[in-house]
Structures are given as C-alpha cells and as structure tokens.
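So you can see what is in the structure, the chains are spelled out below.
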Amino acid sequence: ARALAALQHPYIVGVHQYFRDNGTAYMAMDFVEGQTLLYIIETDPDRLTPEFVKTLLLQLLHAVRYIHRNDILHRDISPDNILIDEGGLPVLIDFGAAREDAT
C-alpha cells in the first residue's frame, strides 16, 4: 500500500490513505466514475472499435511500464480490473495481488 500510494499516474487508481485495523490492511482510493472493461465487453461490444482498443492498450501499457519501473508487479490485470472513466480513459485498479520488488 505504501509503494502504491507513492505512484502518481493518470491510468492508475490513486491511493490517499492506508491503514491497518481488524487484523487486515485497508486502502482509501480514488472513486472512479465509469464501467469496467469487462462490463463494456459484455454489454456494449460495439464500443470496442479497433481504434478504441489500440488507444486503450497503449495507455495501459504506459501504466504497466510505469508500475514496473517502480518495482511493482500488478499480477492481476484483467478486464474486470480496468475501469473506463466517463472520459473514456482507462484506470488500472485492484492492486491486492501486487508485489513490490518485482525485479
């Protein structure tokens, strides 16, 4: 949580606070208004034009490169962990399986 909170990237969910309570750890993150990529695939596949998918992929690869350069490995990138915000931009979420010192 500490390493993730230090990351600042437009395509990665922001972490504002992290704390331990009840024998577990919690993170307070940005609220992202939008839909998961999985929801879009299942309900509105026509929205996934080749141009949209190419743009989305390049943006996500930029985020993954940034994460890896900060020695974090996400380990669970999937359509249900990618939010598409109201502006059409991807936001990578759910770093619960992430590991630090990925190198």
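Residues numbered from 1 in each chain as written. Predicted model: local features only at pLDDT ≥ 70, side-chain atom pairs only at ≥ 80, totals over all residues. Heavy atoms only, no water.

**A few points about the overall build of the protein**
What counts here: Every helix listed is a DSSP run of H or I at least four residues long, and every strand listed is a run of E at least two residues long, numbered separately from the N terminus. In this scheme, a residue with accessible area under 20% of its type's maximum is buried, one over 50% is exposed, and one in between is partly exposed, where area comes from a 1.4 Å probe on protein chains only. Should any heavy atoms of two residues lie within 4.5 Å, those residues are counted as being in contact.
The helix and strand inventory of the protein stands at three helices and seven strands. Each helix (α) and strand (β) of the protein, taken in turn from the N terminus, gives the series α-β-β-β-α-α-β-β-β-β. Counting the 103 residues in the protein, one finds 31% classified as buried. Taking all contacts inside the protein whose residues are at least 6 apart in sequence as the whole, residues at least 24 apart take part in 57%.

**Comments concerning the sheet that holds strand β6 (residues 90-92)**
Threshold: By this definition, two strands are paired if DSSP reports at least two bridges between them. Every angle, taken between N-to-C directions, lies between 0 and 180 degrees, and every axis is a line fitted to C-alpha atoms, over only the stretch in contact when it is a helix.
Reading across the sheet, the three strands line up as β3-β5-β6 and stay open at both edges, with antiparallel pairing between neighbours. Sheet topology places β3 (34-36) and β6 at the edges, where each strand pairs with a single neighbour. Sheet twist, expressed as the mean angle between neighbouring strand axes with direction ignored, is 30 degrees. Along the sheet, helix α3 (residues 50-69) contacts β5 (82-85) and β6; its crossing angle with β6, the most-contacted strand, is approximately 35 degrees.

**Looking at the confidence of the model for the protein**
Just so we agree on the cut-off: pLDDT expresses, on a scale from 0 to 100, how confident the predictor is about each individual residue.
This prediction gives the protein a mean pLDDT of 86; 88% of its residues lie at or above 70. Ranking the elements of the protein by mean pLDDT puts strand β7 (residues 99-100) last with 45 and helix α2 (residues 37-43) first with 97. Overall, residues 97-103 carries pLDDT values under 50, and its contacts beyond four positions in sequence, including any with other chains, amount to 18 contacts.

**Describing the packing of aromatic side chains**
The description of two aromatic rings rests on the distance between their centres and on the angle between their planes. Quick reminder of the rule: Pairing of aromatic rings covers Phe, Tyr and Trp, the last counted by its six-membered ring, and requires centre-to-centre distances within 6.5 Å; plane angles under 30 degrees mean stacked, over 60 mean edge-to-face, and any other angle means tilted.
Considering all chains together, one arrives at one aromatic pair under this definition. Ring geometry for Phe-19 versus Tyr-26: centroids 5.4 Å apart, planes at 20 degrees, classification stacked.

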